[in-house]
Amino acid sequence: MPSFAYRAATPSGQLRAGVMESPSRDEVLASLRQQGLMPIEAQPQARAREGRVSLNGQARAAMINILGELAVLLGAGLALDRALAVCIENAPDPALKAATGELLKRVKEGAPLSKAMAEAKGLFPPMAVAMAESGEANGKLDEALARLALTLERAEALRRTVASAMVYPALLSFVAAAVILMMLLFVVPQFEGLFSERIDQLPPATRMVLGASHGVRQYGLHGLAALIVLGILAWRQLKQPSTRRILDRNLLALPRLGDLIKAAETARLARVLGSLVGGGVPLPQALGIAQRSLTNSHMAAAIAKVTNGLKEGGGLARPLAAAGVLPPLAASFLRTGEETAQLPLMLERLADVLDRDVRIALERLLALLTPLITIVLGTAVAGIIASVMSAILGFNDLALSR
């Protein structure tokens, strides 16, 4: 469905801007009027003009700092273009400075900040675009950017924690895989001549190791080339929306990983939705904006159906629970928020609780990963050695018995 960037005025004269998905421009204008707004413009959302931007960890941290500085400058009363110019001057990374320079150019051309952020592919996550859009919709862009910077800083800290914890398991896996490969390529072939005349008398494990060694030496390069080709084809196929939807649905069905993904995605949805509803954005429109912050396409599609139901006057907690894509905890928080008229507060608390649960689950998973890799790879190396030694000892016993 096409997206339209709109600007409208409230009855009090306050300016609102955002992006709305709709089949046509006329329906966008009609929807704005139904919300009590006076439409100013509604234009099809342009696609990104530049290629996708890729940021390393240092540049991501600098981008988060830019958002925080921008929030402070806007809160101090600076115009958006001037505040962006000041932030760009302080950007340390050349690639980031160029990307934010394009952002400033689009803002000077009259584009809303959220639209310019959406066009900078790879520079901002979907959640950032949605939260900036919420700030534009309620006229509190500085507060929205401040919350965004804090949220991204937490996510970046979690990313660094996971990356640091994965260094040792990755190094251990690499060394163990190299040892196994060296044994199959150079050590096991030394015994083939010894076993060649008595292959039928070898234990099954030894014959399996000899076959693996022979296969790696004969077809190893072909297998590596085939894996590379299959990887490229799989990566291209995953870019197809239908394939991505199937993959995302299957990931949610996995026992532990699925619950972890649901919790992380729900925390992101709750934080953005709480910011929007707390800023006075109508619930149907707020949920439609917050839904775009989700990276799991299956969950996003389910939330989109709930959004359509809200436009017809339905509640929030019951249809979200019926969708079956959110953790059970979310339904309790949402129901309590609706019953007490404290939905923004309960959404923020839900996001905090789920963020904490995700962090604890990741720490436990990483704590179990290192010994598990050690056991699995150690067992593989020990199995290769044991299979060769058992064959040698078996031949020695046979020779002594004769």
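Thresholds, definitions, all that
Residues numbered from 1 in each chain as written. Predicted model: local features only at pLDDT ≥ 70, side-chain atom pairs only at ≥ 80, totals over all residues. Heavy atoms only, no water. Helix = DSSP H or I, 4+ residues; strand = E, 2+ residues; numbered from the N terminus. Buried < 20%, exposed > 50% of the residue type's maximum accessible area, 1.4 Å probe, protein only. Contact = heavy atoms within 4.5 Å. Areas by Shrake-Rupley, 256 points an atom, 1.4 Å probe, with all protein chains shown as cover. Axes fitted to C-alpha atoms, helices over the stretch in contact; angles between N-to-C directions. Parallel < 35°, antiparallel > 145°, perpendicular 65-115°, else oblique. Salt bridge = Lys/Arg side-chain N within 4 Å of Asp/Glu carboxyl O. Expected span 1.5 Å × (residues − 1). Bend = angle between axes of the 7 residues up to and from the residue. Core = buried A, V, L, I, M, F, W, Y, C linked by side-chain atoms within 4.5 Å. Nonpolar A, V, L, I, M, F, W, Y, C, P; charged D, E, K, R; others polar. Lys, Arg positive; Asp, Glu negative; His and termini not counted.

**Remarks on the overall build of the protein**
- Within the protein, the regular secondary structure consists of 16 helices and 3 strands.
- Every one of the 402 residues in the protein was classed for burial, and the buried ones make up 38%.
- Restricting the contact set of the protein to residue pairs at least 6 apart, pairs at least 24 apart contribute 62%.
- Taken as a whole, the protein presents about 21900 Å² of accessible surface, with 61% of it coming from carbon and sulfur.

**Notes on the packing of helix α7 (residues 141-187) against helix α9 (residues 204-238)**
- Where α7 meets α9, the axes come as close as 9 Å, and the angle between the chain directions of the two elements is 90°. In terms of orientation, α7 and α9 fall into the roughly perpendicular class. Contact residues: α7 offers L181, L184 and L185, while α9 offers V209, A212, S213, V216 and R217.

**Side note on the pattern of salt bridges**
- Under the counting rule described, the total for this entry stands at 8 salt bridges.
- Residue D357 pairs with R356 through a salt bridge whose shortest N-O separation is 3.3 Å.
- Note on R356: relative accessible area 41%, which makes it partly exposed.
- Each of R271, E348, D352 and D355 takes part in a single network of salt bridges with overlapping partners.

**Section: α7**
- Taking 1.5 Å per residue, 47 residues should reach 69 Å; α7 reaches 65 Å between its end C-alpha atoms and fits that length.
- The largest bend along α7 measures about 35° and falls at V167, with the proline P169 one to four residues further on.

**With respect to unusual backbone geometry**
- One non-glycine residue with positive phi stands out, namely A341, at about 60°.
- Tracing the backbone shows A341 in the loop between α15 (328-340) and α16 (343-401).

**Some details on the nonpolar core**
- L113, M117 and L145 are the most contacted members of the largest nonpolar core, which totals 75 residues.
- Contact partners of M117, with chain neighbours within four places excluded, come to L103, F124, A128, V129, A132 and L148.

**A word on the packing of helix α3 (residues 80-90) against helix α4 (residues 94-108)**
- Where α3 meets α4, the closest approach of the two axes is 10 Å, and the angle between their N-to-C directions is 170°. The angle between the axes of α3 and α4 places the two elements in the roughly antiparallel class. Residues L80, D81, L84, A85, I88 and E89 of α3 pack against K97, T100, G101, L103, L104, V107 and K108 of α4.
- Taken together, the residues of the contact of α3 with α4 break down into 7 nonpolar, 2 polar and 4 charged.

**Some remarks on the side chain of K262**
- Inspection of the secondary structure puts K262 in helix α11 (residues 255-278).
- With no salt bridge to any partner, buried K262 finds its closest opposite charge in D259, at an N-O distance of 4.9 Å.
- Filtering out sequence-adjacent residues up to four positions away, K262 remains in contact with L252, M299, G324, V325 and P327.

The values reported here are purely geometric and, on their own, carry no functional implication.
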